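Summary of structural features
So you can see what is in the structure, the chains are spelled out below.
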Amino acid sequence: MEDILKMNLGMMDSFNVIKQQTEDDAIAQAKLQKTCSQCEKIKEGLSRCGGCRSTFYCNSQCQKAHWVGGHKKVCKELSQFPATPSWKLFPVQGCKYPRNPILAKVSDDGVSMWVTVGGSIKCQLQDEIYSGFIGGTSEKYMRRLRMDKYRLNAMDPRDVRKIIGKTVMKVEFMIQNKRQDGGSIAFLPADAYIVGEEEIASFYPSCEKPPEIVDGKAIIKVHRDCDSNICLQITDINGKQLEGDLKKAPLPEIVNRDPLTICLGPGDFAIVEAQYRVGNGENVSTDPEALQRFHSFCIPVFKTDKPSLFKEQLNKGLLKPTLISAKWNQDGIFEHYRDLFEKGEDEYIRTHFGEQRMKSMQQAESGGPAMLEMLMKGVYQHAGAEGLKYLRDSIKKAGGRDIGNM
């Protein structure tokens, strides 16, 4: 199948397209604050909703019409959501849907949690090589291909597909401390798990331990890479995006690095990005195909009044966790991906990312042969003929067509 080749090119849609996406987002966010949420006229000096601080209006008539038309139902909820630039909860100009839909949420025992999916523009699950945690460079890519652990050439083709195919989902979840007694909460991001259909256990290659089955449901834990590193990272704390040196900088909310432990004071929140193996590289290779098989998203959360002593208290067994469980909103999932189901990929991109993005993606796809040649040259440059053979044999082993020689 030629889609195996596309899997490895999918994350390389084009540097120019990614650059354009960043520029488009910045422009769109600026326009959003100059666009009336009711009549969509673009002008300066718009008034902002005093409740959620997230919508803008020309005048009181537009604000009243928008309130009656549906904003009343979501204003209170949005006002309770922490302010952060990390998640785009509203459609940008020219789009019908937000980039980060809330697909699961819960408020329980002083803890609020929201969950979204950080998928690709085409809704495809990710492959491990370009997952953003173990991949991204030719050197790591070739190290991954040559690993003795997986021995791709000696494996069953179905296992190969599960390893190099679109099988990994990036889930983002936000946790906020809403305790009214002034106490703190703490959690270990690696403990977050998805409860899904038992079928998902069959998606794991034979070289990996499958999810535990409890009461007929799969308990899907955070994915580990080929070196057994846990695939997650903190992306935001209290609205501050953790990029570059901040990822390693000492932060008071991060009370331990191994295992990663986050402690939040009253009102504090953190966003974590984690990966889960939830696809099989065949009939389950997109976000909606996987999401339809999910029941809930769960994480144990501890209450503590002495954050500095949390690690010691936890090790001594003095703290008992509260399980925070958010049910996946299947109706909301269907609505968010409705255009993909009913009208196809191009229409989904247009209504979620804009007309210009759709055209950019179409142009990038038309350059597929050129990108393949670029990929082969990069592999040859970093790993020679042996590395190129591994790439060619792995794709062919998984059912893809022969990509030929240089």
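Note on numbering: residues in each chain are counted from 1, in written sequence order. Under the rules for a predicted model, residues below a pLDDT of 70 receive no local features and side-chain atom pairs below 80 are neither given nor counted, while totals for whole chains, interfaces and linings still include all residues. The side-chain numbers reported here are obtained from all heavy atoms of the structure, hydrogens and water having been left aside.

This part is about the sheet that holds strand E4 (residues 111–117). Any two strands are treated as partners once DSSP identifies two or more bridges connecting them. Secondary structure is summarised from DSSP: a helix means a run of H or I of at least four residues, a strand means a run of E of at least two, and numbering begins at the N terminus for each. Spatial ordering of the open sheet is given by E3-E4-E5-E14-E10-E11, a layout of six strands whose pairing is antiparallel. Strand pairing shows two members of the sheet lacking a second neighbour, strand E3 (104–108) and strand E11 (240–241), which therefore form its edges. Both strand E10 (residues 232–237) and strand E14 (residues 269–277) contribute to a ladder of five bridges, which runs antiparallel. Note that in E14 the partner of isoleucine 234 across the bridge is valine 272.

Further remarks concern the environment of isoleucine 175. Inspection of the secondary structure puts isoleucine 175 in strand E5 (residues 168–177). Taking C-alpha positions, isoleucine 175 is 5.6 Å from alanine 270, a pair spaced 95 residues apart along the chain. Contact definition: two residues touch when any of their heavy atoms are within 4.5 Å. Not counting residues within four places of it along the chain, the set of residues in contact with isoleucine 175 comprises Val111, Ser112, Met113, Ile185, Phe187, Leu264, Asp268, Phe269, Ala270 and Ile299.

Next up on the list: the pattern of salt bridges. Put simply, a salt bridge is a Lys or Arg side-chain nitrogen that is within 4 Å of an Asp or Glu carboxyl oxygen. Counted under the stated rule, the structure contains eight salt bridges. The closest approach of N and O atoms between glutamate 273 and lysine 170, which form a salt bridge, is 3.8 Å. Of this pair, glutamate 273 sits in strand E14 while lysine 170 sits in strand E5, and the two are 103 residues apart along the sequence. Of the two residues examined, glutamate 273 and lysine 170, each falls in the buried class. Taking the shortest distance from any N to any O, the salt bridge between aspartate 181 and arginine 179 comes out at 2.8 Å. One network of salt bridges, in which partners are shared, links Glu335, Arg338 and Glu342. Between buried and exposed lies partly exposed: a residue is buried under 20% and exposed over 50% of the maximum accessible area for its type, with that area taken using a 1.4 Å probe on protein chains only.

Side-chain direction in a regular strand flips from residue to residue, so the side chains alternate between the two faces of the sheet. Burial analysis of strand E15 (residues 294–304) places nine of its 11 residues in the buried class, the great majority of the element. Relative to E15, strand E7 (residues 193–197) runs antiparallel, the two being bridged by four bridges. Note on E15: the bridge partner recorded for tyrosine 193 is cysteine 298. Pairing between E15 and strand E16 (residues 322–327): six bridges, direction antiparallel. Within E16, the position partnered with valine 301 by the bridge is threonine 322.

Attention shifts here to the nonpolar core. Nonpolar cores were defined as sets of buried Ala, Val, Leu, Ile, Met, Phe, Trp, Tyr and Cys residues, with membership established by side-chain atoms within 4.5 Å. Judged by nonpolar contacts, the single largest core of 56 residues is most densely connected at Tyr276, Phe297 and Trp328. Listed in part, the seven residues of the second largest apolar core include Phe81, Trp87, Trp114 and Ile271.

Aromatic rings considered in pairs are described by the distance between their centres and by the relative angle of their planes. Between the rings of Phe, Tyr and Trp (Trp by its six-membered ring), a pair exists once the centres lie within 6.5 Å; its type follows the angle of the planes, with under 30 degrees stacked, over 60 edge-to-face, and the other angles tilted. Scanning the entire structure with this criterion turns up seven aromatic pairs. Summarising the aromatic geometry, the rings of tyrosine 276 and phenylalanine 297 are spaced 6.2 Å apart at their centres and angled 85° between planes, so their arrangement reads as edge-to-face. On the criterion of sequence distance, the pair formed by tyrosine 276 in strand E14 and phenylalanine 297 in strand E15 is long-range, its members being 21 residues apart. For the pair tyrosine 276 and phenylalanine 297, one class covers both residues: buried. Ring centres of phenylalanine 334 and phenylalanine 341 lie 5.4 Å apart, and the angle between their planes is 20°; on these two criteria the pair is classed as stacked. Clustering of aromatic rings is evident, with ring pairs tying together Phe173, Tyr276, Phe294, Phe297 and Trp328.

So, about the confidence of the model for the chain. Of the residues in the chain, 71% reach a pLDDT of 70 or more, and the chain-wide mean stands at 78. Considering each helix and strand of the chain separately, the mean pLDDT is smallest for helix H1 (residues 3–10), with a value of 41, and largest for E7, with 98. Low confidence marks residues 1–32, where pLDDT is under 50. Its contacts with residues over four positions away, or in another chain, come to 60 contacts. Considering only residues more than four positions removed or in separate chains, one finds that residues 130–138, a stretch of pLDDT under 50, has 24 contacts. A residue's pLDDT is simply how confident the predictor is in it, with values from 0 to 100.

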